[in-house]
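A closer look at the structure
In case you want the letters, here they are:
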Amino acid sequence: MFRNTAGPEVVESVEVKSERQEGWSDMYRPRSLEAMALDPQVREELEVLQRFRWPYHMVISGSPATGKTTLAEIIVGDVAGGDGHRVLRVNASQTTSIEYLRERIIPQLRTRGGMLASLGTPWREIVVFSEADGLSADAQNALKDALESYAATATVVFTTNHPERLNAALHSRCQAIELKEPPVDERARVLASVLAAEG
């Protein structure tokens, strides 16, 4: 697979779209845990984590279409307080650049996270790595100290279909969240709400 090491896909703010601009799946993407189709045990575990304002760092894993990106966005809303300027999104499958991590991501965690703490806000800086199994071994090693050093002021979320490709050091610093395929009645409940909204 070709990997772009010079220009990673990074979104530094939450893009606000009109309904006409949004795709159908975006328009009806769940904005809360209640609206997600979830395995009952997983839901119970997530509600506990949310009640305590989420762990500092998380690895969200699961097979495709189990809600990893949706859950990450719900966490972003809770942790960043709806302020998109506190959010960095990096598609890890498109960059393995350790220089980018050292020059952009880690300073972001250090300076902006520290600034938020000094202002006494409850919000934290947040970085979301999608397809995190695309991170090189060097990139993962560069991140492990940052996860520990800035845990009080920043949150890093990794989403991946292959958690076994992340090294033990990253796993030891993150809360593991494994999304399972939801039961049929959960999927039917969410689909019914979409159909009702469509009239």
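A quick note: this is a predicted structure, and the numbers were derived from the prediction, not measured. (Residues numbered from 1 in each chain as written. Predicted model: local features only at pLDDT ≥ 70, side-chain atom pairs only at ≥ 80, totals over all residues. Heavy atoms only, no water.)

1. Comments concerning the overall build of the protein chain
Heads up, the condition is: Each helix corresponds to a stretch of at least 4 residues labelled H or I by DSSP, and each strand to a stretch of at least 2 residues labelled E; elements are numbered beginning at the N terminus. Three exposure classes are used, based on accessible area relative to the maximum for each residue type with a 1.4 Å probe and protein chains only: buried under 20%, partly exposed in between, and exposed over 50%. Two residues qualify as a contact provided that any one of their heavy atoms is within 4.5 Å of a heavy atom in the partner residue.
Scanning the protein chain from N- to C-terminus turns up seven helices and six strands. Moving toward the C terminus, one meets the helices and strands of the protein chain in the order β-α-α-β-α-β-α-β-α-β-α-β-α. A total of 199 residues make up the protein chain; the buried ones form 44% of that total. Counting contacts in the protein chain only where the partners sit at least 6 residues apart, residues at least 24 apart contribute 82% of the total.

2. A closer look at the environment of K68
We count it as follows: Under this definition, polar contacts are N or O atom pairs within 3.5 Å; protein pairs additionally need one hydrogen-donor-capable and one acceptor-capable atom, and for neighbouring residues in sequence, both atoms have to be side-chain atoms.
Residue position: K68 is located in helix 3 (residues 68–80). K68 sits 62 residues away from S130 along the chain, and the two C-alpha atoms are 9.0 Å apart. Contacts of K68, omitting those with residues within four sequence positions, involve I60, S61, G62, S63, T159, T160, N161 and L179. Side chain to side chain, K68 and N161 meet in a polar contact 2.9 Å long.

3. Description of the pairing of strand 4 (residues 125–130)
Where we set the bar: Paired strands, in this sense, are two strands between which DSSP finds at least two bridges.
Of all six residues in strand 4, five are buried, a share of seventy percent or more. With five bridges joining them, strand 3 (residues 87–91) and strand 4 adopt parallel strand pairing. Residue pairing for strand 4: V90 is matched across the bridge by F129. In this sheet, strand 5 (residues 154–160) lies alongside strand 4 in parallel orientation, the contact comprising five bridges.

4. Re the confidence of the model for the protein chain
The test is simple: The pLDDT value tells you how sure the predictor is about a given residue, anywhere from 0 up to 100.
When pLDDT is averaged along the protein chain, the result is 81; 79% of the residues meet or exceed 70. Here strand 1 (residues 10–11) is the element of the protein chain with the lowest mean pLDDT, 42, and strand 2 (residues 57–61) is the one with the highest, 97. When the criterion is pLDDT under 50, residues 1–21 qualifies, and its contacts beyond four places in sequence or with other chains add up to 40 contacts.

5. Regarding helix 2 (residues 40–51)
Under the convention used in this document: The span expected for a helix works out to 1.5 Å for each residue beyond the first. Think of the arc as the fan of directions from the helix axis to the C-beta atoms.
With 12 residues, helix 2 extends 17 Å from end C-alpha to end C-alpha; this agrees with the ideal 16 Å at 1.5 Å per step. Among the residues making up helix 2, those that are buried are V42, R43, L46 and L49. Taken down its axis, helix 2 places every buried residue within 125 degrees of arc, on the same side. In this structure, helix 2 carries P40, E44 and R51 as exposed residues pointing more than 90 degrees from its buried face. Lining the buried residues of helix 2 we find helix 3, strand 6 (175–178) and helix 7 (184–198). Its side-chain oxygen 3.1 Å from the backbone nitrogen of Q41, D39 forms the N-cap of helix 2. Looking one or two residues beyond helix 2, the residue adopting positive phi is R53, at roughly 65 degrees.

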